[in-house]
Number of protein chains: 2
Amino acid sequence: MDILITGGGGMIGRKLVERLARDGTLNGRKIDRVTLQDVVEPVGPADAPFAVETRVTDLSAPGEADTLLENTPDVIFHLAAVVSGEAETDFDKGYRVNLTGVLNLLEAARRAGNVPRIVFASSIAVYGAPFPEPIPDDFFHQPLTSYGTQKACAELLLADYTRKSLVDGIGIRLPTVCIRPGKPNKAASSFFSGILREPLAGVDAVCPVDETVRHWVASPRAATQFLIHAAGLDGDKVGPRRNLSMPGHCVSIREMLDALRRVAGDKVADRVTFVPDDFIRGIVAGWPQNFATDRALSLGFEADPDFDSIIRYHIEDELGGKVAD
Amino acid sequence: MDILITGGGGMIGRKLVERLARDGTLNGRKIDRVTLQDVVEPVGPADAPFAVETRVTDLSAPGEADTLLENTPDVIFHLAAVVSGEAETDFDKGYRVNLTGVLNLLEAARRAGNVPRIVFASSIAVYGAPFPEPIPDDFFHQPLTSYGTQKACAELLLADYTRKSLVDGIGIRLPTVCIRPGKPNKAASSFFSGILREPLAGVDAVCPVDETVRHWVASPRAATQFLIHAAGLDGDKVGPRRNLSMPGHCVSIREMLDALRRVAGDKVADRVTFVPDDFIRGIVAGWPQNFATDRALSLGFEADPDFDSIIRYHIEDELGGKVAD
């Protein structure tokens, strides 16, 4: 079993390859090699029971995808993308990476000829307000960002190349990953992780939106498991509708902070203060909040047990089991 | 007012430029020039009250779109496309013309810098079975053909380029045009026009599907009027959801033939015989049949009055008012 992970240097890519290194297998088959691609040198797990290759390359450049697929990987996790904010400010870069990059990968996979399973990380940004509550599987894609447009186009292309038996694609729309490890960033969604991650690390945090604001979230563990599960899905059971919204939890800021108090105590929870930021409030108001993911659930995808578990996973996986005093 | 019609040599393109020649104006402004583009030499109306230029060029070739837009047209009707059947059998040509061609046009319009109104002829092929009855405006796009995939991607791109104020696009999903003038062709939908057009011209016709089969249709007059109306729509009233299913009539074969008998008499209607063709029945079974086009109706698009009118329009426009004995 030969595996390619594009965007292998990103947070989800690293979580995925660490999980693969622990498992040693995918879809019940021994993993021989994992290739990690990214635009900056990705770092593989030190103790992997398989060969790890790294490739620094830009999939949107002509010919690069063909070179990358010369090993004819059995499974490709396509995670490489320009993120939402950057795709909005750099229109050309967003289209080049998120649309041309996908087309290049699909064409290279077609030429490779082995009909690889491609697991594509799509996004709930394919949806644009106003939304029904919750958003059903057959609600239409009317993105209000260039990022969402590029992901929606990529979903359509993945389904058509799959229908023509050129690749064997599954697209999964990930919820916002929470609690995202690492440092805060400038994404408008950064605070959804920050108001939990920083207090757990002993740092004060500011929440820029009202406590009634809700969001659609899944843990890094769940996101990783979605990718693994998608790699093993029976395509015939999925049928021609190859792109699926992943199960998550629709939680309000109040519910998040109540869970933080239950799991980590008052001292941690009291590190969060509310300082409204109208700019961020405006952006977040246009985001989808709640989904009915019937198809994904019927295909065996599972949400985190509850939001308390999402906090516990972070403490176990990122903090060595210990919350900062 | 400078106008460009891509695919100007096609049936709809010809109907459109004839209508513009009769009107002499568009959106209340005098038309100075119409440029007709196609891959084979298009023929403009002889008596047009404006300059007619013709261009034989392939929009999917690098640089061609920029050359075509050097006049910075105020309105672009983008009708050029590889049709459904050919896009399915020639995968690369379909993507080149129907996706790369659209991207080239959008980029050329962006570089031209005058934010032209682009009226894009999309298709109900963006929808794939199973469908709700009728299909509402917010039903999702899950095409089951490469043609439908290319049109769905083009709709998304048109909306995003419009959102970014690079162009001012309106996409309209045309019903099957019926009665289509001219000769029968090999499209699976050809018989929907053939079972009316041939008897009206004194020729026997065969219907390959059951009389209960329904389809979504509009006359060539209505299709032309949709394009004209789209050219004049107030973008602010349309909002960010820039692609619209056009109103039509959901009629069964039985209803079509009853209308033919009412309008043209028994002798004409008796020229149709039923010879089931399982291949065509299978294809047609996967097509959408009925739409709830609330948004288009609220924006002033109007369906033909009834199916009898659709037949009468054909007799007036194509047969000089006279049905063959």
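Please read these numbers as outputs of a predicted model, since none were measured by experiment.

### A closer look at the UniProt feature "domain: NAD-dependent epimerase/dehydratase" (unreviewed entry) in chain A
UniProt tags residues 3-198 of chain A as "domain: NAD-dependent epimerase/dehydratase" (unreviewed entry). A distance of 35 Å separates the end C-alpha atoms of residues 3-198 of chain A, which is 37% helix and 20% strand.

### Structural notes on the sheet that holds strand S8 (residues 168-174) of chain B
Residue and element names in this part refer to chain B. Pairing is parallel across the open sheet formed by seven strands, whose spatial order is S5-S4-S1-S6-S7-S8-S12. Two strands close off the open sheet at either side, each with one partner strand: strand S5 (51-56) and strand S12 (243-245). This sheet shows a mean twist of 15 degrees between the axes of neighbouring strands, independent of strand direction. Relative to strand S7 (residues 117-123), strand S6 (residues 75-78) runs parallel, the two sharing four bridges. Note that in S7 the partner of Phe-77 across the bridge is Val-119. Running over the sheet, helix H1 (residues 11-23) touches strand S1 (2-6), strand S4 (33-38) and S6 and is turned about 160 degrees from S1. Strand contacts of helix H5 (residues 146-163): S7, S8 and S12, with the helix running at about 155 degrees to S7, the strand carrying the most contacts.

### Let's talk about the packing of aromatic side chains
Residues and elements named next belong to chain A. As enumerated under the stated definition, the model contains 20 aromatic pairs over all chains in all. Between Phe-139 and Phe-140, the aromatic rings sit 5.3 Å apart at their centres with planes inclined by 80 degrees, giving edge-to-face as the arrangement. Among the residues examined, Phe-139 registers a relative accessible area of 4% and is labelled buried. Counting every residue linked through ring pairs, the aromatic cluster contains Tyr-127, Phe-139, Phe-140, Trp-216 and Phe-291.

### Details of the pairing of S8 of chain B
Residues and elements named next belong to chain B. Where burial is concerned, most of S8 is hidden: six out of the seven residues are buried. One ladder, built from seven bridges, connects S7 with S8; its direction is parallel. Counterpart to Ile-118 in the pairing with S8 is Gly-169. Once the chain exits S7 it traverses H5 before rejoining the sheet at S8, and the crossover so formed is right-handed. Taken together, the three bridges between S8 and S12 define a ladder with parallel strand orientation. Bridge pairing in S12 links Arg-173 to Ser-245.

### Examining the relation of the copies chain A and chain B
When chain A is brought onto chain B, the operation consists of a screw motion whose angular component is 180 degrees and whose axial shift is 0.0 Å, with 0.0 Å RMSD remaining. Read as a symmetry element, the transformation amounts to a two-fold axis. Measuring from the rotation axis to each C-alpha of chain A, the shortest distance belongs to Phe-140 of chain A, at 1.8 Å.

### What to know about the pattern of salt bridges
All names here are of chain A. Applying the stated rule across the entire model yields 57 salt bridges over all chains. Residues Glu-155 and Arg-173 are paired through a salt bridge, measuring 2.7 Å at the closest nitrogen-oxygen approach. Linking Glu-155 in helix H5 (residues 146-163) with Arg-173 in strand S8 (residues 168-174), this pair joins segments that are 18 residues apart in sequence. Judged by its relative accessible area of 2%, Glu-155 falls in the buried class. In this structure Arg-173 comes out as buried when scored by relative accessible area, which is 3%.

### Some words on helix H13 (residues 307-318) of chain A
All names here are of chain A. In a regular helix each residue adds 1.5 Å, so twelve residues correspond to 16 Å; H13 covers 17 Å between its end C-alpha atoms and thus fits that length. Within H13, the full set of buried residues consists of Phe-307, Asp-308, Ser-309, Ile-310, Ile-311, Tyr-313, His-314 and Ile-315. Between the side-chain oxygen of the N-cap and the backbone nitrogen of Asp-308 there are 3.4 Å, and the N-cap of H13 in question is Asp-306.

What counts and how
Residues numbered from 1 in each chain as written. Chains lettered and ligands numbered in written order. Predicted model: local features only at pLDDT ≥ 70, side-chain atom pairs only at ≥ 80, totals over all residues. Heavy atoms only, no water. UniProt positions renumbered as here; feature names shortened; annotations may be inferred. Helix = DSSP H or I, 4+ residues; strand = E, 2+ residues; numbered from the N terminus. Pairing = 2+ DSSP bridges. Axes fitted to C-alpha atoms, helices over the stretch in contact; angles between N-to-C directions. Contact = heavy atoms within 4.5 Å. Phe/Tyr/Trp six-rings, centres within 6.5 Å; stacked < 30°, edge-to-face > 60°. Buried < 20%, exposed > 50% of the residue type's maximum accessible area, 1.4 Å probe, protein only. Right-handed = clockwise from strand over helix to strand, strands pointing away. Least-squares fit on C-alpha atoms with pLDDT ≥ 70 in both. Salt bridge = Lys/Arg side-chain N within 4 Å of Asp/Glu carboxyl O. Expected span 1.5 Å × (residues − 1). Polar contact = N/O pair within 3.5 Å; in protein donor to acceptor, adjacent residues only side chain to side chain.

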